[in-house]
Amino acid sequence: MKRILFILLIVVVIFSGCTGLENDDKDITTESEIQQEEARDIILYFANSQAEFVVPEHRVITVEKNINNEDYARIVLEELIKGPKDENLYKTIPNEVKILNVEIEDETVYIDFSKEMHTEHWGGAAGEDMTISSLVNTMTELENIRYVLPSVEGVALNIEHIIVDEPLERMEEKIYKE
């Protein structure tokens, strides 16, 4: 009887030791993944209450250290679509909008949005102006980006009053100055 208990005890110790090693390996992998990420400061532009200017909002995001420029631009755009954290600022892109593609060539970022940029946009000349100003000023904050050419499902951005068929430059005159 003692012999059977002794054998059972050895089996239990062996199996419990094996699962402990597996957990340690998982912890090491997680730490390694965390070390491959970094925090970056970004500047997003949102509309002021009068829809006359865009106002910068600073945010810190976590990205992979070796992220490529297109993926980084996509993450910044996703943050812009989420909207402002400051309750005195206003969204410029509808929540329903999806980013279909982001390409960077030379100093131009090409951004293709889903149809919701047209169908869900609240419209009006001021709203459209804030969307374009917000998008262009946010994207030109990124390193080596001077021009922005947005499209909707491969066709020039055409919300209601504005058709964008050529790359746009930064719009400093639209940024609120205190």
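Residues numbered from 1 in each chain as written. Predicted model: local features only at pLDDT ≥ 70, side-chain atom pairs only at ≥ 80, totals over all residues. Heavy atoms only, no water.

Draft legend 1. Structural detail: the layout of surface pockets. Approximately 290 Å³ is the volume found for the largest pocket. Along its surface, the largest pocket is lined by 13 residues, and R40, N69, Y72, L142 and E143 are the ones closest to its centre. Looking at the lining of the largest pocket, the elements that each hand over two or more residues are β1 (37–47) and α2 (69–82). The element that contributes the greatest number of residues to the lining of the largest pocket is β1, accounting for 4 residues. (1 Å grid on protein atoms, 1.4 Å probe; cavity = no way out; pocket = protein on both sides within 12 Å on 5 of 7 lines; lining within 4 Å. Points joined across faces, edges and corners; volume = space filled by probe spheres on them. Helix = DSSP H or I, 4+ residues; strand = E, 2+ residues; numbered from the N terminus.)

Draft legend 2. Structural detail: the pairing of strand β5 (residues 147–152). Most of β5 is tucked away, with 5 of its 6 residues classed as buried. In this sheet, β5 lies alongside strand β4 (residues 108–113) in parallel orientation, the contact comprising 6 bridges. For V109, the partnering residue across the bridge sits in β5 and is V148. Where β5 and strand β6 (residues 155–158) come together, 2 bridges link them in antiparallel fashion. Within β6, the residue paired with S151 across the bridge is A156. Counted between consecutive antiparallel strands, the loop separating β5 from β6 contains 2 residues, among which E153 sits at a positive phi close to 50 degrees. (Buried < 20%, exposed > 50% of the residue type's maximum accessible area, 1.4 Å probe, protein only. Pairing = 2+ DSSP bridges.)

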